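An overview of the molecular structure
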Amino acid sequence: MMNERDDDLDRLLFAMPLEEPPADLRASILRGTIYRPAFALKLWELWMCGTFAALAVWLAVLIFRGGGAAFVRTLSVLGATVTHMLLVQNTWLWLAAGIGAAFWLLILNPTPMPAPFFKRYARR
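Residues numbered from 1 in each chain as written. Predicted model: local features only at pLDDT ≥ 70, side-chain atom pairs only at ≥ 80, totals over all residues. Heavy atoms only, no water.

1. Quick notes on the overall build of the protein
In terms of helices and strands, the protein carries five helices and zero strands. When the helices and strands of the protein are read in sequence order from the N terminus, they spell out α-α-α-α-α. Burial status across the protein gives 2% buried among its 124 residues. About 12,200 Å² of surface is accessible on the protein, with carbon and sulfur atoms providing 71% of the total. (Helix = DSSP H or I, 4+ residues; strand = E, 2+ residues; numbered from the N terminus. Buried < 20%, exposed > 50% of the residue type's maximum accessible area, 1.4 Å probe, protein only. Areas by Shrake-Rupley, 256 points an atom, 1.4 Å probe, with all protein chains shown as cover.)

Below, the structure is given as structure tokens:
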């Protein structure tokens, strides 16, 4: 009984008139995906602009709300925090470990060599 209803439904669906796709459908899809123009800014440039804009807004709000004294207090707290972080011995240890790892990865170059170049240098 269920199959009969499905058959009727299938016949009704297939009997419906379909619209023709637009003539430039494929071209518009390609234009919107792989042929789209490159962005004017790279991702890191966009992050940098956003960071500077956020800092500028924060600085303007800080100055307008509390004047210069609040700004100087905030800078002194930030300076004290950075100084405290740099005086902790573990900070220098992890900083040295990070720099060493970055230098090691720079020297190691873990990207594999493409096959045609590898065949060229293989022993015969």
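2. Some points on the environment of Glu45
Mapped onto the secondary structure, Glu45 falls in helix H3 (residues 43-87). A polar contact of 2.9 Å, which involves the side chain of Glu45, links it to the backbone nitrogen of Lys42. (Polar contact = N/O pair within 3.5 Å; in protein donor to acceptor, adjacent residues only side chain to side chain.)

3. Thoughts on a nonpolar patch on the surface
A surface patch of nonpolar side chains, about 1,100 Å² in accessible area, is lined by Trp44, Met48, Phe52, Leu55, Trp58, Leu59, Ile63, Phe64, Leu75 and Leu78. Looking at the element boundaries, Leu78 is found in helix H3. For Leu78, a relative accessible area of 43% corresponds to the partly exposed category. (Patch = residues over 30% accessible without salt bridge, like charges linked within 9 Å, V, L, I, M, F, W, Y side chains within 5 Å. Salt bridge = Lys/Arg side-chain N within 4 Å of Asp/Glu carboxyl O.)

4. A closer look at H3
The end-to-end C-alpha distance of H3 is 34 Å, clearly below the 66 Å that 45 residues give at a rise of 1.5 Å each. Where H3 bends most, at Gly66, the angle is about 125°. (Expected span 1.5 Å × (residues − 1). Bend = angle between axes of the 7 residues up to and from the residue.)

5. What to know about the pattern of salt bridges
Under the criterion given, the structure shown has one salt bridge. A salt bridge links Asp8 to Arg11, with the shortest nitrogen-to-oxygen separation between them at 2.2 Å. Residue Asp8 and its partner Arg11 are located together in helix H1 (residues 2-15), separated by three residues, close to a single helical turn.

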